[in-house]
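Residue-level listing of the chains:
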Amino acid sequence: MPTTYALLSTYPPTQCGLATFTAALLAHLAQPGDQVAVVRVLDEPAPCPADEVVHDLVAGSVASASAAAAVLNSFDVVIVQHEYGIYGGPDGQDIISLLDALYVPSIVVLHTVLARPTSRQRVILHEVIAAASVVVTMTQTARSRLLDIYGTAPEKVFVIPHGAADHRAAAVPAQTAGRPTVLTWGLLGPGKGIEHAIDSIALLREHGLDIDYRVAGQTHPRVLGRDGEAYRRALQAQARARGVADRVHFDARFLPGATLSQLIGAADVVLLPYDSLEQVTSGVLIEAVTACKPVVSTCFPHAVELLGAGLLVERRDPAGIAQALYRVLTEPGLSARMSNYSANLAPQLLWPAVAHSYRELASAITMTRAGTSL
């Protein structure tokens, strides 16, 4: 039976992880006869070039929130992307009244589950979970946090991994005699740990291993609005001071899929030098694994859970990063073993498989609403 889905989230042309996630889910969710539409979350009104966007929820606007609830209730299932920073009110608390106004089944996808929330963040998440039919986390780590820290009922929490585009066709770079390439990509801002990566590139150069380090991605819009390009300029100055400005290359674009795929394909190693201990979901990590690339990462929760064959290092440890990169690039067979491990994980992480899981969950909760047990 055809199903109508409404997705509540930021959405392109907004450039952020949730918008990219939602566009990919929309592209893969519908079966023949289904309808998928978007209620787009914005900080302020903006033109909308996309036909699939049926309403805008403007942060802080009571009128647009009321209209959004009415639109969402005209669909069979609502899939809500939750992040504290995108909805109106302190810590995005306005999402609670909107969820309470829904009488159709809702799936709330939790992109952040904090181990150390403020009291307000804890209350908001409790109320979001209470209002949802079910919630989705993208890792077992996040699910465990909900159960152990927030006391959420286990039967209400489902794990569906973050999806990834299929970059496997570009996964093996052409063999060249050039320098090895290490790649980091994603929205740029403090906390990404790029400064520690730059120091590691300098350490490797001092020890005779010359590497090209590529940092791709625009500055996060909220960081850009607050600080401009101060972080990027500081990184460029650091590269000059450490004598590796000719080896550290910044691409400040928000990369389209085909361009990103080519960039990943040309990389020998993906590096995630993040500072955060809270990050339970990383779309970049999923994309790197599904591209079957060797990954060196700091020990943030999603990396610890997923990287069975990756190399994990401590946060803010340039020497540790340098040592791990050296191993991947010089130790016989290591890179191939890491890639083979990722290749076995990739099929379940690609968007078609992830969208299928959302369809199954949506079907289950609609049957429950109709009186069938989940």
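These lines cover the structure that appears in this document, whether it is placed above or below. (Residues numbered from 1 in each chain as written. Predicted model: local features only at pLDDT ≥ 70, side-chain atom pairs only at ≥ 80, totals over all residues. Heavy atoms only, no water.)

**Focus: the overall build of the chain**
Thought 1: What the chain contains, in helices and strands, is 14 helices and 13 strands.
Thought 2: Its C-alpha atoms give the chain a radius of gyration of 21 Å, near enough to 21 Å, the size a compact globule of 374 residues would have.
Thought 3: Over its C-alpha atoms, taken along the principal directions, the chain stretches across nearly 65 × 40 × 40 Å.
Thought 4: A burial count over the chain gives 52% of its 374 residues as buried.
Thought 5: For the chain, restricting intrachain contacts to residue pairs at least 6 apart in sequence, the fraction spanning at least 24 positions comes to 73%.
Thought 6: Here the chain has roughly 15,700 Å² of accessible surface; of this, 54% comes from carbon and sulfur atoms.
Thought 7: Positive and negative side-chain charges in the chain, numbering 27 and 33 respectively, have mean positions lying 5 Å apart. (Helix = DSSP H or I, 4+ residues; strand = E, 2+ residues; numbered from the N terminus. Rg over C-alpha atoms; globule rule 2.2 N^0.38 Å. Buried < 20%, exposed > 50% of the residue type's maximum accessible area, 1.4 Å probe, protein only. Contact = heavy atoms within 4.5 Å. Areas by Shrake-Rupley, 256 points an atom, 1.4 Å probe, with all protein chains shown as cover. Lys, Arg positive; Asp, Glu negative; His and termini not counted. Charge placed at Lys NZ, Arg CZ, Asp CG, Glu CD.)

**Side note on the nonpolar core**
Thought 1: Formed by 39 residues in total, the largest nonpolar core has its most connected members in Leu-8, Ile-95 and Leu-146.
Thought 2: In contact with Leu-146, not counting residues within four places along its chain, are Leu-110, Val-113, Leu-125, Ile-129, Val-135, Thr-137, Gly-151, Thr-152 and Val-157.
Thought 3: Ranked by size, the runner-up nonpolar core spans 29 residues in total, among them Ile-194, Ala-197, Ile-211 and Tyr-213. (Core = buried A, V, L, I, M, F, W, Y, C linked by side-chain atoms within 4.5 Å.)

**Brief notes about helix H13 (residues 334-349)**
Thought 1: Its 16 residues give H13 an end-to-end C-alpha distance of 23 Å, which sits within 8% of 22 Å, the value for a rise of 1.5 Å per residue.
Thought 2: Taking the largest bend as the criterion, H13 deviates by roughly 30 degrees, centred on Ala-343, and proline Pro-347 comes between one and four positions later.
Thought 3: Looking only at H13, the buried set comprises Leu-334, Met-338, Ser-339, Ser-342, Leu-345, Ala-346 and Leu-349. (Expected span 1.5 Å × (residues − 1). Bend = angle between axes of the 7 residues up to and from the residue.)

**Considerations on the sheet that holds strand E6 (residues 134-137)**
Thought 1: Pairing in this open sheet of 7 strands is parallel, and the strands run E3-E2-E1-E4-E5-E6-E7 from one edge to the other. Strand pairing shows two members of the sheet lacking a second neighbour, strand E3 (53-58) and strand E7 (157-159), which therefore form its edges. With direction set aside, neighbouring strand axes in the sheet form an average angle of 25 degrees.
Thought 2: Alignment of strand E5 (residues 106-110) against E6, held across 3 bridges, turns out to be parallel. (Pairing = 2+ DSSP bridges. Axes fitted to C-alpha atoms, helices over the stretch in contact; angles between N-to-C directions.)

**Considering the packing of helix H10 (residues 283-290) against H13**
Thought 1: Close contact between H10 and H13 brings their axes to 8 Å; oriented N to C, the two are set at 120 degrees. By the angle between their directions, the pair H10 and H13 is classed as oblique. Along the contact surface, H10 presents Ile-286, Val-289 and Thr-290, while H13 presents Ser-342, Leu-345, Ala-346 and Leu-349.
Thought 2: For the contact of H10 with H13, the per-class residue count stands at 5 nonpolar, 2 polar and no charged. (Parallel < 35°, antiparallel > 145°, perpendicular 65-115°, else oblique. Nonpolar A, V, L, I, M, F, W, Y, C, P; charged D, E, K, R; others polar.)

**A few points about the pattern of salt bridges**
Close approach of charged atoms lets side chains of opposite charge pair.
Thought 1: Here the structure, examined in full by the defined rule, presents 17 salt bridges.
Thought 2: Measuring nitrogen to oxygen at the nearest pair gives 2.9 Å for the salt bridge that ties Asp-56 to Arg-40. Taken as a pair, Asp-56 in strand E3 and Arg-40 in strand E2 (residues 35-42) lie far apart in primary sequence, 16 residues in all.
Thought 3: With relative accessibility at 18%, the residue Asp-56 sits in the buried group.
Thought 4: Residue classification places Arg-40 among the buried residues on the basis of a relative accessible area of 1%.
Thought 5: The salt bridge partner of Asp-210 is Arg-247, with a shortest N-O separation of 3.2 Å. Of this pair, Asp-210 sits in the loop between helix H6 (194-206) and strand E9 (212-216) while Arg-247 sits in the loop between helix H8 (230-241) and strand E10 (248-251), and the two are 37 residues apart along the sequence.
Thought 6: You can call Asp-210 partly exposed: its relative accessible area is 25%.
Thought 7: Counted as one network, the salt bridges with shared partners bring together Arg-205, Asp-210, Asp-246 and Arg-247. (Salt bridge = Lys/Arg side-chain N within 4 Å of Asp/Glu carboxyl O.)

**Some remarks on the sheet that holds strand E11 (residues 269-272)**
Thought 1: Taken in spatial order, the 6 strands of this open sheet run E10-E9-E8-E11-E12-E13, and their pairing is parallel. If you trace the sheet from one side to the other, it starts and ends with E10 and strand E13 (311-313), each paired once. When strand polarity is set aside, the average angle formed by the axes of neighbouring strands in this sheet is 20 degrees.
Thought 2: Pairing geometry for strand E8 (residues 181-185) and E9, over 5 bridges, is parallel.

**Some points on the side chain of Ser-282**
Thought 1: On the secondary structure map, Ser-282 appears in the loop between E11 and H10.
Thought 2: Aside from chain neighbours lying at most four places away, what touches Ser-282 is Leu-272, Tyr-274, Phe-300 and His-302.

**Topic: the packing of aromatic side chains**
Aromatic ring pairs are described here by two measures, namely the spacing of the ring centres and the angle between the planes.
Thought 1: Under the definition given, this model contains 2 aromatic pairs.
Thought 2: Between Phe-21 and Trp-351, the ring centres sit 5.0 Å apart and the planes meet at 75 degrees, which makes this aromatic pair edge-to-face. Here Phe-21, found in helix H1 (residues 17-29), pairs with Trp-351, found in helix H14 (residues 351-369); they are 330 residues apart in sequence, far enough to count as distant. Accessibility classification places Phe-21 together with Trp-351 in one group, the buried group.
Thought 3: Seen from the ring of Tyr-150, Arg-122 lies directly overhead, with NZ or CZ sitting 5.5 Å from the centre.
Thought 4: Sitting above the plane of the Tyr-274 ring, Lys-192 keeps its charged end 4.8 Å from the centroid. (Phe/Tyr/Trp six-rings, centres within 6.5 Å; stacked < 30°, edge-to-face > 60°. Lys NZ or Arg CZ within 6 Å of the ring centre and 35° of its normal.)

Taken by themselves, the reported measurements are silent on function.
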